[in-house]
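Close look at the chain arrangement
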Amino acid sequence: MKTKLIEFPQMGDARGNLVVIEGKKEIPFDIKRIFYIYGADPSAVRGQHANRNSEFVLININGSSKVRVKDGKGNEEVFILDRPYIGLYIPKMLWKDMYNFSHDAILLVLASEYYDAGEYIRNYEDFEKEVNGYE
Ligand code: TYD
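Notes on the structure follow. (Residues numbered from 1 in each chain as written. Predicted model: local features only at pLDDT ≥ 70, side-chain atom pairs only at ≥ 80, totals over all residues. Heavy atoms only, no water.)

1. Thoughts on the site of the ligand
Note the following rule: By convention in this text, a residue qualifies as near a molecule or strand provided that one of its non-hydrogen atoms is within 4 Å of it. Polar contacts, as used here, are pairs of N or O atoms within 3.5 Å; protein pairs need one atom able to donate a hydrogen and one able to accept it. Residues neighboring in sequence count only if both atoms are side-chain atoms. The protein chains shown are the only cover counted for residues, whose accessible areas, like all others here, come from Shrake-Rupley with a 1.4 Å probe. Only runs of H or I of at least four residues qualify as helices and only runs of E of at least two qualify as strands under DSSP, and these elements are numbered from the N terminus. Charged means Asp, Glu, Lys or Arg here, nonpolar means Ala, Val, Leu, Ile, Met, Phe, Trp, Tyr, Cys or Pro, and polar covers whatever is left, Gly included.
Inspection of the region around the ligand gives Arg 33, Phe 35, Ile 37, Arg 46, Gly 47, His 49, Tyr 115 and Arg 122 as its neighbouring residues. Here an oxygen atom of the ligand and a side-chain polar atom of Arg 46 are 2.9 Å apart. Starting from 530 Å² of accessible surface for the ligand in isolation, the protein chains cover 60%. Every element with two or more residues in the shell around the ligand is listed here: β2 (33–38) and β3 (46–51). Taken together, the residues of the shell around the ligand break down into three nonpolar, two polar and three charged.

Written as structure tokens, this is what we have:
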């Protein structure tokens, strides 16, 4: 899978930490949208979709959460995000589940596209069919 963890430049000093993220530099796309999840139910599974066009970078800037990524062809990866200077790049057409949110988790998401509900695939079987090109 073409997922990858990205370590962002840290410009901290004695006054505290500072992490810098620039579109098309550390992030492999122009950032068009950001959203974030906080106060998530620790037993909830979010995501549960794939995107036909959007690429994402997920950064757990406080607390921790897990992300499971599937390619619809039998491959699966699980990432624990618990450091505010690490991002997980997820290219288009991968299935994503976010879960195991700590009570204090803040999951920041950078996206390559504006929101368009039509590019979301929310049924796993439909995703598998689209990825594998059969009906
Ligand atoms: P949803 O896709 O279920 O969130 P998650 O991926 O974390 O499980 O989105 C929840 C609601 O918010 C849903 O009604 C769609 C809406 N939404 C937007 O309007 N714009 C956005 O950028 C996002 C991410 C969600």
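2. What to know about the packing of aromatic side chains
Inclusion rule: Working definition: a ring pair exists when centres of Phe, Tyr or Trp rings (six-membered ring for Trp) sit within 6.5 Å. Plane angles under 30 degrees give stacked, over 60 give edge-to-face, the rest tilted. A ring is considered to have a charge above it if a Lys NZ or an Arg CZ atom is located within 6 Å of its centre and within 35 degrees of its normal.
In the structure shown here, the tally under the stated rule is seven aromatic pairs. Taken together, a centroid distance of 6.5 Å and an interplanar angle of 80° make the contact between Phe 35 and Phe 56 edge-to-face. One end of the pair, Phe 35, is in strand β2; the other, Phe 56, is in strand β4 (residues 56–62), with 21 residues separating them in the sequence. Grouped by ring-pair contacts, the aromatic residues Trp 95, Tyr 124 and Phe 127 constitute a single cluster. Taking NZ or CZ as reference, Lys 70 lies 5.0 Å from the ring centre of Tyr 124, over its face.

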